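Residue strings, one per chain:
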Number of protein chains: 2
Amino acid sequence: MPKEFTINDIAREAGVSKATVSRVLNESASVKPETKERILNIMKERNFSPSAAARDLSRQQSNTIGVIVPEVDNPFFGEILRGITEIADQNNYMLVCCNSDDSAEKDKKALLMLKEHRVRGLIYTPAVDYTTKEQQITINKLLRDLNAPIVIMDRPTDSLEQYDGVFFDDEKAMYEATKALIQAGHTKIGLLNATMDRVLARGRYKGYERAMNEAGIPMERRYIFEGDYRMTKAYHFSKKLLSMEDRPTAVLACNNRTSLGFLKALYERGERLSKDIACIGLDRIEAFEIINNKFNYIERDANQMGRHAIRLLNDRIACPQKPLEQVILTPVLKIHNL
Amino acid sequence: MPKEFTINDIAREAGVSKATVSRVLNESASVKPETKERILNIMKERNFSPSAAARDLSRQQSNTIGVIVPEVDNPFFGEILRGITEIADQNNYMLVCCNSDDSAEKDKKALLMLKEHRVRGLIYTPAVDYTTKEQQITINKLLRDLNAPIVIMDRPTDSLEQYDGVFFDDEKAMYEATKALIQAGHTKIGLLNATMDRVLARGRYKGYERAMNEAGIPMERRYIFEGDYRMTKAYHFSKKLLSMEDRPTAVLACNNRTSLGFLKALYERGERLSKDIACIGLDRIEAFEIINNKFNYIERDANQMGRHAIRLLNDRIACPQKPLEQVILTPVLKIHNL
DNA sequence: AAATTTCATGTAACCGGTTACACCATAAGA
DNA sequence: TCTTATGGTGTAACCGGTTACATGAAATTT
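Reading guide: rules and limits
- Residues numbered from 1 in each chain as written.
- Chains lettered and ligands numbered in written order.
- Predicted model: local features only at pLDDT ≥ 70, side-chain atom pairs only at ≥ 80, totals over all residues.
- Heavy atoms only, no water.
- Helix = DSSP H or I, 4+ residues; strand = E, 2+ residues; numbered from the N terminus.
- Expected span 1.5 Å × (residues − 1).
- Buried < 20%, exposed > 50% of the residue type's maximum accessible area, 1.4 Å probe, protein only.
- Contact = heavy atoms within 4.5 Å.
- Buried area = accessible area lost by both parts, 1.4 Å probe.
- Salt bridge = Lys/Arg side-chain N within 4 Å of Asp/Glu carboxyl O.
- Polar contact = N/O pair within 3.5 Å; in protein donor to acceptor, adjacent residues only side chain to side chain.
- Pairing = 2+ DSSP bridges.
- Axes fitted to C-alpha atoms, helices over the stretch in contact; angles between N-to-C directions.
- Near = heavy atom within 4 Å.
- Nonpolar A, V, L, I, M, F, W, Y, C, P; charged D, E, K, R; others polar.
- Parallel < 35°, antiparallel > 145°, perpendicular 65-115°, else oblique.
- Left-handed = near helix turned anticlockwise from the far one by under 90°.

Take helix α9 (residues 199-215) of chain A next. Counting along an α-helix, one turn takes 3.6 residues, and residues three or four places apart therefore face a common direction. Residue and element names in this part refer to chain A. Taking 1.5 Å of rise per residue, the 17 residues of α9 would be expected to cover 24 Å, and the 25 Å separating its terminal C-alpha atoms lies within 8% of that figure. Buried within α9 are the following residues: Leu200, Ala201, Gly203, Arg204, Tyr205, Gly207, Tyr208, Ala211 and Met212. Where α9 is buried, its residues contact α8 (170-183), β6 (189-194), β7 (224-227), β8 (250-253) and β9 (278-282). Downstream of α9 by one or two residues, glycine 216 has phi in the positive range, about 70°.

Further remarks concern the interface of chain B and chain A. It is common to give the size of an interface as the accessible area lost on bringing the parts into contact. With 55 residues of chain B at the interface, the matching set in chain A holds 55 residues. At the boundary of chain B with chain A, total buried surface from both sides reaches about 5,600 Å², with 59% on carbon and sulfur atoms. Applying the counting criterion to the chain B and chain A interface returns 10 salt bridges. With its nearest N and O atoms 3.1 Å apart, the salt bridge here joins glutamate 286 of chain B to arginine 257 of chain A. The tally of links from chain B across to chain A stands at 22 residue pairs in polar contact (both at pLDDT 80 or more). Where the side of chain B that touches chain A is concerned, the elements lending two or more residues are α4 (52-59), α5 (75-90), β2 (94-99), α6 (104-116), α7 (133-145), α11 (256-268) and α12 (286-290) of chain B.

Another point: the sheet that holds strand β7 (residues 224-227) of chain B. Residue and element names in this part refer to chain B. Spatial ordering of the open sheet is given by β7-β6-β8-β9-β10-β12, a layout of 6 strands whose pairing is mixed. Unpaired on one side and paired on the other, β7 and β12 (332-334) mark the two borders of the sheet. Between one strand axis and the next, the sheet turns by 15° as a mean value, whatever way the strands run. Across the sheet, helix α8 (residues 170-183) is in contact with β6 (189-194), β8 (250-253), β9 (278-282), β10 (296-299) and β12; its angle to β8 comes to roughly 170°. Those strands touched by helix α10 (residues 231-243) are β6, β7 and β8, and its axis lies near 160° from that of β7.

This part is about the environment of glutamate 171 of chain A. Residue and element names in this part refer to chain A. Within the secondary structure layout, glutamate 171 lies in helix α8. Taking the relative accessible area as the measure of exposure, glutamate 171 reaches 25% and is therefore partly exposed. C-alpha separation for the pair glutamate 171 and leucine 312, spaced 141 residues apart in sequence, amounts to 23 Å. Residue contacts for glutamate 171: discarding those within four places in its chain leaves Gly203, Lys206, Gly207 and Arg210.

Here we take up the protein's contact with DNA strand C. Around DNA strand C there are 30 residues in total, and Arg23, Lys32 and Thr35 of chain A together with Ile7 and Ser22 of chain B lie nearest to it. The sugar and phosphate moieties of DNA strand C supply 59% of its atoms located within 4 Å of the protein. Within the contact set of DNA strand C, a phosphate oxygen lies 2.6 Å away from a side-chain nitrogen or oxygen of threonine 35 of chain A. Contact between DNA strand C and glutamine 60 of chain A: a phosphate oxygen at 3.1 Å from a side-chain N or O atom of the residue. Looking at the surface near DNA strand C residue by residue, the classes come out as 11 nonpolar, 12 polar and 7 charged.

Axes are the key here: two packed helices are described by the angle between their axes and the distance separating the axes. Residue and element names in this part refer to chain A. Put simply, helix α5 (residues 75-90) and helix α13 (residues 302-318) touch, their axes get as near as 7 Å, and they point 40° apart. Considered as vectors, α5 and α13 are oriented oblique to each other. Along this stretch, α5 crosses α13, giving a crossing that reads as right-handed. Of the residues in α13, those touching α5 at Phe76, Glu79, Ile80, Arg82, Gly83, Ile84, Glu86, Ile87 and Ala88 are Ala302, Asn303, Met305, Gly306, Arg307 and Ile310. Across the contact of α5 with α13, the residue classes break down as 8 nonpolar, 3 polar and 4 charged.

Here we take up the pattern of salt bridges. Inspection of the entire model under this criterion finds 64 salt bridges over all chains. Across the pair glutamate 214 of chain B and arginine 210 of chain B runs a salt bridge whose closest N-O atoms are separated by 4.0 Å. In this pair, glutamate 214 of chain B and arginine 210 of chain B both sit in helix α9 (residues 199-214), 4 residues apart, roughly one turn of the helix. The exposure class of glutamate 214 of chain B is exposed, given its relative accessible area of 52%. The network of salt bridges with common partners includes Asp73, Asp101 and Lys106 of chain A together with Arg82, Glu86 and Arg307 of chain B.

Spelled out as structure tokens, the structure:
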């Protein structure tokens, strides 16, 4: 790395001490206007860029914020990131993005790295929450050791009561979606969900269950799929589901990927959405929404979730003693056709 | 920030000098095995986390890599980021993500911030390249002043000859897409493009133009749209285009957002893709691809672009003197139905 | 006019690592 | 056995900022 100018260089050239230069840099104390002017000019001339490492070291604090998400390439998280960056920019935070690929191991690695950098705060979406108890303990310890404010995002964990958080009320969303289907006359309703060791899957299931129970409709185990939230498994199960003799007349897909899996299976059979079978998906699918193809979905404003996350972090940094805050966002049903 | 353990603490407890601790930390020199063991144990016990700021400061170097993209929430860039993180992880780089929102001003801000952090390298997708000459000069200066390897990604700039880069050969892609349409019998072909002050728009236009000229088909100015690469404008133009009396029988959309704009207009009219009008889009649209809805597109492997970008950066860091490298990726036509 | 406050600035310690250099003990070579 | 390499370690300077404290001059108060 070629040598950069330091405040020493600037100080020498301006004929002042480095302390004065530092003062100008931080506007931390009054400096005679003409001296300040002179120093600023030299800085500009020399293209001075203060070393963040030195600043962080002496201040014992950084302006870096860590973000750990499980899938950067999922549009849901893309929008979240967008929301986060918008606010981070305004507050001059630097964002360090880590993609955990839903691996607890990568979460761990990221947390260690972020700690070395003494991040000012962390926005954390835990990797698949079906980690073993041991992993959970390790991660909890790492979170504690981070010694910085943390906002848990999207996926509740058992260490939840210690941190601020932003979540969607998926249970309510699925409850209402199910109710909407029932009101439209459906009783045989499929559910494309993930395994029940995941908090989110449990919540979604509960919403579905509650609506079914309230309506007095018995639940068919074979209509309920517990796989994961990726496309492939949902696709294969949907194929089976669609070829059942006594198949459901409606399907609930528990995230955007499972919606796609279902749709793929449906279109492969040459069937048409809503006409041949009803469906409500969780999360919008941009393409469908835009071409107005009557895709019913539960809308979750991911951008807003991101903005809330960093807002919470900001507040916590500003006021470490403030009471814990959990923001629960309410998804909105977008129904065209059942 | 609560006090963390430092190498001094570790050294004291182990009864050695901090230099020895540092040696253990970096495996930079031989340390007596039992001493090393002892130090490592204490580190583990005390949960020691070396300060990145201190390390960076004394080494005059960081392991941070900056990434500037214009739209984190565009799936195209989401996939790129995914590719980048995959390789960055392996090399223990820390990624700092900046979203420029296609604003040269934010590019500038990000570059200044990254410079303060003395990033080890930068992967840079310039904001809208129709920046004024002045802005261009400012940005070029900032890039030079960064004093670190840079890889230009996706959008060529005029300072290109100085940096490594990864790009798609969009001209060829559009040329072949146009040719495919012509071979299928189309002569009236619409083009949804951005204004010609953008390098990418020029390249795409050129591909189209070349194919049309070679086939001896005169180009109709009113079939060609020069707007931007967002959905809204493409949608409005598409509406006009579709309602023309003598309208095109095929349309080329120059990126994923313009494809969506076109599709929206099309579906709003109750028309159907391919049946009523042919279309080839640049970039896949996940939802369409998956449900096999016969959406024709030019596939660009964004994940691979990301991987190439960081690979190039890595190589350049390892060997600053190596000749410049420009990777040109070839898009692939995915045609179902013309 | 003397005492006190305020402004502008310098001095020096400190943040937590890295590393050139020096040193001693031991092992290898002559 | 004496010299010479080598292994293991300590000392201290350095990286580039921040900041508590001190100081002298100017402005304000009494």
